[in-house]
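Descriptive structure summary
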Amino acid sequence: MGLDNIVKNNQYPILFLGSGISKRYLKNFPSWEDLLIDYWGKINESTSFFSYQHEITQKNSQLSISEQNFIANIEMAEHIQAKFDDLFYKDELEVPNLTSEKAQKERLSPFKVSLANKFSNYELRDDINSEELSSFQTLLSKSRIIVTTNYDSFIEDQLKRIQHEGPK
């Protein structure tokens, strides 16, 4: 059933949204791999991103390519987080407005704080179809359950906007 029919029939969908929705509406929004590559560059690894990714996929060669990629992304993110946090505590990496004292006392991951900072501000793309965005907001407002893997606040912000202003 299409978006227009869901809205027209006043139905209540369950939404499963990934980062593709943010890439659709936000300027310069990275894919999951782009984000990993960006942070890989911050941790000064001696091996290249793709060499490390290759090692992981080879360990899982019995799995399908999509499963290999999924596992590689998870393992690489865990590796990046561990290395990033370690470099932060060794004063080799900085996170704006975060001290090692605050991170330790509040048990904050410097990596996760850095990600939160990165996605705390965003801009909508200039070429957005306003009618489509309005339909998306209406769909969000009618949803009873929203499941997302997103690391930005776009969906939450759209829900807040709808509550205060109505669909765009």
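Summary of the structure given here. What you see is a predicted model; the values in this text were computed from it and never measured.

As a further point, take helix α5 (residues 65-89). Its 25 residues place the ends of α5 36 Å apart at the C-alpha level, agreeing with the 36 Å of an ideal helix rising 1.5 Å per residue. Buried within α5 we find Gln68, Ala72, Asn73, Met76, Ala77, Ile80, Phe84, Asp85, Leu87 and Phe88. In this fold, the buried residues of α5 make contact with α3 (32-42), α4 (49-59), α6 (100-105) and α7 (110-118).

Moving on, we get to the pattern of salt bridges. In total, this model carries nine salt bridges according to the counting rule given. Notably, a salt bridge pairs Lys83 with Glu45, separated by 3.3 Å at the nearest N-O pair. Here the residue Lys83 occupies a position in helix α5, and Glu45 occupies one in the loop between α3 and α4, the gap between them amounting to 38 residues. The exposure class of Lys83 is partly exposed, given its relative accessible area of 23%. A salt bridge links Glu75 to Lys59; the shortest N-O distance between them is 3.4 Å. With Glu75 in helix α5 and Lys59 in helix α4, this residue pair connects regions lying 16 residues apart in the sequence. In the salt-bridge network here, residues are joined through shared partners; they are Lys27, Glu123 and Asp126.

The next subject is the packing of helix α8 (residues 130-142) against helix α9 (residues 154-165). Two elements in contact, α8 and α9, have axes separated by 9 Å at closest approach and are oriented at 85°. Between α8 and α9, the angle is such that the two are roughly perpendicular. Seen from α8, the contacting residues are Leu133, Phe136, Gln137, Thr138, Leu140 and Ser141; seen from α9, they are Phe154, Ile155, Gln158, Leu159, Arg161 and Ile162. Residues that form the contact of α8 with α9 fall into these classes: seven nonpolar, four polar and one charged.

The next thing to look at is a nonpolar patch on the surface. Nonpolar side chains collect at one region of the surface, where Ile14, Phe16, Ile145 and Val147 lie side by side and expose about 400 Å² of accessible area between them. Every element with two or more residues in the nonpolar patch is listed here: β1 (14-17) and β2 (145-148). Within the fold, Phe16 resides in strand β1. Residue class for Phe16 comes out exposed when judged on its relative accessible area of 65%.

Conventions adopted
- Residues numbered from 1 in each chain as written.
- Predicted model: local features only at pLDDT ≥ 70, side-chain atom pairs only at ≥ 80, totals over all residues.
- Heavy atoms only, no water.
- Helix = DSSP H or I, 4+ residues; strand = E, 2+ residues; numbered from the N terminus.
- Expected span 1.5 Å × (residues − 1).
- Buried < 20%, exposed > 50% of the residue type's maximum accessible area, 1.4 Å probe, protein only.
- Contact = heavy atoms within 4.5 Å.
- Salt bridge = Lys/Arg side-chain N within 4 Å of Asp/Glu carboxyl O.
- Axes fitted to C-alpha atoms, helices over the stretch in contact; angles between N-to-C directions.
- Parallel < 35°, antiparallel > 145°, perpendicular 65-115°, else oblique.
- Nonpolar A, V, L, I, M, F, W, Y, C, P; charged D, E, K, R; others polar.
- Patch = residues over 30% accessible without salt bridge, like charges linked within 9 Å, V, L, I, M, F, W, Y side chains within 5 Å.
- Areas by Shrake-Rupley, 256 points an atom, 1.4 Å probe, with all protein chains shown as cover.

Don't take any of this as a statement about function, it's just geometry.
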